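# Residue-level structure breakdown
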Amino acid sequence: MTALTDLRRDASASAVTAGFVAVVVGAASSIGLLVGAARDFGLTHGQTVSWVLACYLAISVSGFALTWRHRAPVKMAWTTPGLALVASLAASHGMHYAEVLGAYVLSALLMTGLGVTGAFERVTARIPPALANALLAGVLLPFVLGAFKALPQAPLPVGGMLLVFLAGRAWFPRWAVPAALLAGAGLSLAVGAVAPLTGGGLGRLVWTAPQFSLRGVLTLALPLTVLNLASQQLPGVAVLRACGFARVPTSPLITWSGVASLLSAPFGAHTTTLAAITAAIAAGEEAHADPERRWVAGLSASFFYLLLGVFAGWVVGAVGAVPAPVVAALAGLALVSTTLASVTAALTDDRGREAAFLTLAVTASGVTFLGVGSAVWGLVLGGGLAWTLGRR
């Protein structure tokens, strides 16, 4: 009863709206990337719907529980940089789907261990920020370039998306990506390029037995864990602290994000993490002037994520009906800001600039050698150069 009394006292329209906006921005920014990756993996409609539903269920339940427990707007999300890494493997046919799920499980176990043992801060302190940002930029850059490569394939829809996105960045930055999505869908419909809506229906979970391999560990599990730490968990914690929620302990957040990832992985979810970019929407002043009342925005976000999961079949069907070039353009445009921030952070420090650029270039190349993907080689070569230069 005390908790319900707190909720009635602290609820506000601004907090509920902030949670809704955070979900819309987060979902629109990467759902195209997910559907494109599922298409490249050759997944059925049911498996794709399960992927979306498992992600949103894990995000919703873990976010609700942590927000309720700590009375703070703990917004969870799926990892967009990690999804980009998975999508690059799908496009190159570097791993099959069951092997990818096995890598998800291993990454989730690593994350859970970092939270339970309290080693999160110690491990992240050993990852050079420049290399972590360069790795992230290298993973994302091919998708940003893909937005422009899609222009000749669908000139009117993609061209319209680019114009709307540029106008949006100037006049309504938060809504630039959703506006580009609406423009692409509307123009695709106008030129008759939208396929008939298939599938639909409510979300259903589909179990796929994970398979474990050394290739999965090296190519996906380890790089995915590094990306999650550098691009999601650390910024997510930083946002909470910057918004006045330093009282929230870090280890339980990391632990439960790992547990949520572990439980949802066999159904397709590609790891649950703390939200980074959209976390500021729920935790900032626009949610409410009083920080102690912003936790309602976390509950609101969890509720709307649950709705997306319930209607996952329709979400996947709608995105799948849009032409592939439009989906590719949406994914690339959604990653522009994150890529720019990563490149800037990676190349700011003169002392580590060369090593960071090498990491970025090797990772962005997409090369696979000895069965190991470009993300690992980028870290190895860039890290090796950084160590050598440091010794000199």
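Residues numbered from 1 in each chain as written. Predicted model: local features only at pLDDT ≥ 70, side-chain atom pairs only at ≥ 80, totals over all residues. Heavy atoms only, no water.

Under an unreviewed UniProt entry, the chain has the name Inner membrane protein YdcO and belongs to Deinococcus aluminii.

## Looking at the side chain of Thr255
Looking at where Thr255 falls in the secondary structure, it is placed in helix α11 (residues 250–264). On the basis of relative accessibility, which here comes to 12%, the residue Thr255 falls in the buried class. Of the polar contacts made by the side chain of Thr255, one reaches the backbone nitrogen of Val116; its length is 3.2 Å. (Helix = DSSP H or I, 4+ residues; strand = E, 2+ residues; numbered from the N terminus. Buried < 20%, exposed > 50% of the residue type's maximum accessible area, 1.4 Å probe, protein only. Polar contact = N/O pair within 3.5 Å; in protein donor to acceptor, adjacent residues only side chain to side chain.)

## Focus: the packing of helix α5 (residues 97–116) against α11
Viewed as axis vectors pointing N to C, α5 and α11 meet at an angle of 160°, and their least axial separation amounts to 7 Å. Here α5 is positioned roughly antiparallel relative to α11, judged by the angle of their axes. Note on packing geometry: the crossing formed by α5 with α11 is left-handed. When α5 is examined against α11, the residues Val105, Ala108, Leu109, Met111, Thr112, Gly115 and Val116 are found in contact with a partner set consisting of Ser251, Ile254, Thr255, Ser257, Gly258, Val259, Ser261 and Leu262. (Axes fitted to C-alpha atoms, helices over the stretch in contact; angles between N-to-C directions. Parallel < 35°, antiparallel > 145°, perpendicular 65-115°, else oblique. Left-handed = near helix turned anticlockwise from the far one by under 90°. Contact = heavy atoms within 4.5 Å.)

## Concerning the packing of aromatic side chains
In the structure shown here, the tally under the stated rule is seven aromatic pairs. Ring centres of Tyr56 and Trp78 lie 5.2 Å apart, and the angle between their planes is 15°; on these two criteria the pair is classed as stacked. Of this pair, Tyr56 sits in helix α3 (residues 45–70) while Trp78 sits in strand β1 (residues 76–78), placing them 22 residues apart in sequence. Residue Tyr56 is classed as buried on the basis of its relative accessible area of 2%. A relative accessible area of 5% means that Trp78 is categorised as buried. (Phe/Tyr/Trp six-rings, centres within 6.5 Å; stacked < 30°, edge-to-face > 60°.)

## Considering α3
Its 26 residues place the ends of α3 37 Å apart at the C-alpha level, agreeing with the 38 Å of an ideal helix rising 1.5 Å per residue. Trailing α3 by a residue or two, Arg71 shows a phi angle of about 50°, which is positive. (Expected span 1.5 Å × (residues − 1).)

## Some points on a nonpolar patch on the surface
Together, Leu202, Phe303, Leu306, Leu307, Val310, Phe311 and Trp314 make up a nonpolar patch on the protein surface, roughly 630 Å² of accessible area in all. With four residues, helix α13 (residues 295–310) is the single largest residue contributor to the nonpolar patch. Structurally, Leu306 can be placed in helix α13. Under the relative-accessibility criterion, Leu306 is labelled partly exposed at 34%. (Patch = residues over 30% accessible without salt bridge, like charges linked within 9 Å, V, L, I, M, F, W, Y side chains within 5 Å. Areas by Shrake-Rupley, 256 points an atom, 1.4 Å probe, with all protein chains shown as cover. Salt bridge = Lys/Arg side-chain N within 4 Å of Asp/Glu carboxyl O.)

## Section: the side chain of Lys75
Here Lys75 is to be found in the loop between α3 and β1. Once you skip the residues sitting within four places of it in the chain, Lys75 turns out to touch Ala22, Val23, Leu274, Ala275, Thr278, Ala279, Ala282, Ala301 and Tyr305.

## Observations regarding α13
The end-to-end C-alpha distance of α13 is 23 Å, a good match for the 22 Å that 16 residues give at a rise of 1.5 Å each. Restricting attention to buried positions, one finds in α13 the residues Trp295, Val296, Ala297, Gly298, Leu299, Ser300, Ala301, Ser302, Tyr305 and Gly309.

## As for unusual backbone geometry
The backbone of Arg71 sits at a positive phi, close to 50°, despite the residue not being glycine. The backbone of Thr271 shows a phi angle near 85°, a positive value even though the residue is not glycine. Its relative accessible area of 4% is what places Thr271 among the buried residues.

## Observations regarding the packing of α3 against α11
Interhelical geometry of α3 versus α11 gives an angle of 155° and a closest axis separation of 10 Å. Between α3 and α11, the interaxial angle falls into the category roughly antiparallel. Viewed along their axes, α3 and α11 form a crossing whose handedness is right-handed. Note on element contacts: α11 touches α3 through Pro252, Leu253, Trp256, Ala260 and Ser264, opposite Ala54, Ala58, Ser62, Leu66 and His70. The residue makeup of the contact of α3 with α11, split by class, is seven nonpolar, three polar and no charged. (Nonpolar A, V, L, I, M, F, W, Y, C, P; charged D, E, K, R; others polar.)

## What about the pattern of salt bridges?
One pass over the structure, following the stated rule, counts two salt bridges. A salt bridge links Arg247 to Glu292; its shortest N-O distance comes to 3.9 Å. Taken together, the residues span a long stretch of sequence, with Arg247 in the loop between α10 (214–242) and α11 and Glu292 in the loop between α12 (279–283) and α13 at a distance of 45 residues. The partly exposed category is assigned to Arg247, whose relative accessible area is 43%. A relative accessible area of 45% means that Glu292 is categorised as partly exposed.

## Quick look at the nonpolar core
Ranked by internal contacts, the top residues of the largest apolar core, which has 71 residues, are Phe41, Trp51, Tyr56, Trp78, Tyr104 and Leu220. Excluding anything up to four places from it in sequence, Trp78 contacts Ser30, Ile31, Leu34, Cys55, Tyr56, Ile59, Leu83, Gln232, His270, Thr271 and Thr273. In this structure, Ala154, Met161, Val177 and Val326 belong to the second largest nonpolar core, which totals 14 residues. (Core = buried A, V, L, I, M, F, W, Y, C linked by side-chain atoms within 4.5 Å.)

## Some remarks on the environment of Arg293
Its location among the elements puts Arg293 in the loop between α12 and α13. Assessed through its relative accessible area of 23%, Arg293 is described here as partly exposed. Residues Arg293 and Ala283 lie 10 residues apart in sequence; the distance between their C-alpha atoms is 9.8 Å.

## Some thoughts on the environment of Ala318
Locating Ala318 in the fold gives a position in helix α14 (residues 312–321). In the structure, Ala318 is positioned 133 residues away from Ala185 in sequence and 9.4 Å away in space, judged by C-alpha atoms.

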